[in-house]
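Read off the chains here:
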Amino acid sequence: MLIKDDKDSLENLKLFVEDWAGPVLPEYGLQEEEVPSYFPKPLRDLYLFAGNWPANSRSSRKKSPANGEPAIFQIQDTLMSVENTIRSQGRISFITENQGNWTCEVEEGNDDSPVYCNAAALWDDTVKGHERVCNSLQHFLVTFCLQELMFSSRFVGAIQADLKQELFREQLEPIWLDGYYVFKEPTHSFYLCANKLLIMDYAGLWYASNDESALSLIANRGLVHSL
């Protein structure tokens, strides 16, 4: 299921989330009155869909900044709870890095808002504050959510190799290619193998599954390092 980078990408992401993590239940989403009206529509839609969606059994890896166990999009980096978002100077901080080193912001009231991030300040002293890293909030959210869906899966790890089809016993199908995240260039690509092994090509090669038997799809288990 390729998620096309178009006006329907967020809706198609939702379908993939349900295919991967199970059907959405009414209590997994926030209520209309719980999400501020000044949130851009794609961000508002995400909270309404999955603002309370619990993580899988790996949820013990990290606590949510809002207390208790994290939600499905709070395992690696964190989609802030609505209460923890910060509204300042016309922007909303809505995602924070797992060690608090950077945050992402969007423009309030702008459904077509770009995404701004200050991650580059970690390695470039000339960067001051937040800079535009993605022209589309909807595109950014697909990349972010797929990354978090990976790390919230029951079985997660790294493959010590570059991406090649011969690493897998069945054909890789693209899910989301050349996704923008906190850099001003595409960094994330995602693939699915036999509908039960999710692969992320970003800063190395990563695998995830909710079914332990899916690990047999990796041809050389000696290359696998589980988290």
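In this report, the structure presented in the accompanying data block is examined. This one's a predicted model, so the numbers in the text were calculated from it and none came from an experiment.

Right, let's talk about the nonpolar core for a bit. If you look at the biggest cluster of nonpolar residues, it comprises 55 residues, and the most contacted ones within it are F94 and F140. It is helix α3 (residues 137-151) that contributes the most residues to this core, 10 residues altogether. Leave out the neighbours within four places in its chain, and F140 touches F94, I95, C104, V115, C134, Y180, Y181 and V182. Formed by 14 residues, the second largest nonpolar core is a distinct cluster that contains L167, I199, L205 and L215.

Turning to helix α1 (residues 9-21), a few remarks are in order. Between its first and last C-alpha, α1 extends 18 Å over 13 residues, near the 18 Å set by a 1.5 Å rise per residue. When we look at burial in α1, the residues that qualify are S9, L10, L13, K14, F16, V17 and W20. Viewed along the axis of α1, the buried residues span an arc of 165 degrees, placing them on a single side of the element. Of the surrounding secondary structure, the elements contacted by the buried residues of α1 are α2 (41-50), α3, β8 (172-180), β9 (186-193), β10 (197-201) and β11 (205-209). Backbone geometry just after α1 places G22 at a positive phi near 105 degrees.

About the cut-offs
Each chain has its residues counted from 1, running along the sequence as written. Restriction of local features to residues with pLDDT of at least 70 applies here, the model being predicted, together with a cutoff of 80 or more for giving and counting side-chain atom pairs; totals for whole chains, interfaces and linings are based on all residues. Water and hydrogen atoms were dropped before computing side-chain values, which therefore reflect all heavy atoms in the structure. By convention a nonpolar core is built from buried Ala, Val, Leu, Ile, Met, Phe, Trp, Tyr and Cys residues, the set being connected through side-chain atoms within 4.5 Å. Any residue under 20% of the maximum accessible area for its type is buried, any over 50% is exposed, and the rest in between are partly exposed; the area is computed with a 1.4 Å probe on protein chains only. Segments assigned H or I by DSSP are reported as helices when at least four residues long, segments assigned E as strands when at least two residues long, and all are numbered from the N terminus. Here a residue-residue contact requires only that any non-hydrogen atoms of the pair lie within 4.5 Å. Multiplying one less than the number of residues by 1.5 Å gives the expected span of a helix. When we speak of the arc, we mean the arc of directions from the helix axis to the C-beta atoms.

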